[in-house]
Amino acid sequence: MTARWGILGGTFDPIHLGHLRAAEEVYEALRLEKVLFIPAGQPPHKYRPDLSPFEIRLQLVKAAIKGVDYFEALDWEGLRPGPSYSVETLELLNRSFACVDFYFILGLDAFVSFGSWYRFQDILSFTHLVIISRGPGDIGLFQKTVQKLFPQALPEASFWRLPEGKTIRFLPVTRLDISATKIRSLVRQGRSPRFLLPEAVWEIINKQKLYTA
Ligand code: ATP
Ligand code: MG
């Protein structure tokens, strides 16, 4: 059987239990071999002058997944100059690991604006899509978005399939109401973000005085 790898991209400033639990549940549900966490170098969709340096965000990801042998951090987007376009990373991954089927994991909120991503249609020649969400109530918005962005997709039992073969599926996960924005804001106010993120990540934030100014 072809190996299946999940991909979770993000700014991860910082990574938190929402990301990690979602990755764990997709890993289990789709019987993935591993999940790659890919911090964005320079995210094209977000302008944040206070964005932490790539090396720090990568360090936070590595600390968060330490000891989980099916989670891996990939530093490629920090090595390329300019904005990090998912399509370029996915194209490279496909070329480097030709025998792997990729499953790109994306929150429903991100999928709704997927039509504005650079070469979004090409992304589907390199990877399947897994849209994660809080619960089955969101499936209506998911279906509508698929039909709008990919009118050529046809419904099958538990996913949509594009003529070229890749699939787009909806996967409800235990969505924890945690965001990096909220964590940064708590730290800035001198309040505790503990238990919203792995202790090892909190220790680095503390030691390096991240998000204080
Ligand atoms: P920020 O608040 O800075 O936007 P974030 O917490 O939303 O950060 P991102 O790095 O933007 O984290 O998210 C990366 C990916 O993880 C996106 O696909 C997003 O939909 C998903 N994600 C973010 N938070 C959660 C969560 N609590 N549960 C599940 N998935 C999440
Ligand atoms: Mg976000």
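This is a predicted model, so every value here is computed, not measured.

**Looking at the nonpolar core**
Soluble globular proteins tend to pack their nonpolar side chains together in the buried interior. Ranked by size, the top nonpolar core spans 34 residues in total, and within it Ile15, Val26, Phe37, Leu60, Phe71, Val130 and Ile205 carry the most contacts. At the level of elements, helix 1 (17–29), strand 2 (34–39), helix 2 (54–65), strand 4 (100–107), strand 5 (128–133), helix 8 (180–188) and helix 9 (199–207) are the ones that each hand at least two residues to this core. Considering each element in turn, this core owes the most residues, 5 residues, to helix 2. If sequence neighbours within four positions are ignored, Ile205 has contacts with Pro14, Leu60, Val187, Leu197, Leu210 and Tyr211.

**Quick look at helix 9**
Where helix 9 is concerned, the buried positions are Val201, Trp202, Ile204 and Ile205. Down the axis of helix 9, the buried side of the element spans an arc of 160°, and every buried residue falls inside it. On its buried face, helix 9 sits against helix 2 and helix 8. Of the residues flanking the end of helix 9, it is Lys209, one or two places downstream, whose phi is positive at about 55°.

**Some remarks on the packing of aromatic side chains**
For the structure on display, the rule yields 15 aromatic pairs. Consider the rings of Phe111 and Phe114, whose centres lie 5.9 Å apart with planes at 40°: the pair is tilted. Both residues of the pair, Phe111 and Phe114, count as buried. Geometrically, the ring pair formed by Phe111 and Phe142 is tilted, given 5.9 Å between the ring centres and 35° between the ring planes. With Phe111 in helix 5 (residues 108–112) and Phe142 in helix 7 (residues 139–149), this pair connects stretches of sequence that are 31 residues apart.

**As for the environment of Tyr103**
Among the secondary structure elements, Tyr103 is positioned in strand 4. The buried category is assigned to Tyr103, whose relative accessible area is 4%. For Tyr103 and Asp13, which are 90 residues apart along the polypeptide, the C-alpha to C-alpha distance reads 23 Å. Here Tyr103 is in contact with Arg4, Trp5, Gly6, Ile7, Leu30, Leu32, Thr127, His128, Val130 and Arg169, once residues within four sequence places are set aside. At 3.5 Å, the side chain of Tyr103 and the side chain of Arg4 are in polar contact.

**With respect to the pattern of salt bridges**
Under the counting rule described, the total for this entry stands at 8 salt bridges. A salt bridge links Asp122 to Arg119; the nearest nitrogen and oxygen atoms lie 2.7 Å apart. By relative accessible area, Asp122 is classed as partly exposed at 31%. Classification of Arg119 by relative accessible area gives partly exposed; the value is 33%. By sharing partners, the salt bridges in this structure join Asp13, Arg48 and Asp50 into a single network.

Thresholds applied
Residues numbered from 1 in each chain as written. Chains lettered and ligands numbered in written order. Predicted model: local features only at pLDDT ≥ 70, side-chain atom pairs only at ≥ 80, totals over all residues. Heavy atoms only, no water. Core = buried A, V, L, I, M, F, W, Y, C linked by side-chain atoms within 4.5 Å. Buried < 20%, exposed > 50% of the residue type's maximum accessible area, 1.4 Å probe, protein only. Helix = DSSP H or I, 4+ residues; strand = E, 2+ residues; numbered from the N terminus. Contact = heavy atoms within 4.5 Å. Arc of directions from axis to C-beta. Phe/Tyr/Trp six-rings, centres within 6.5 Å; stacked < 30°, edge-to-face > 60°. Polar contact = N/O pair within 3.5 Å; in protein donor to acceptor, adjacent residues only side chain to side chain. Salt bridge = Lys/Arg side-chain N within 4 Å of Asp/Glu carboxyl O.

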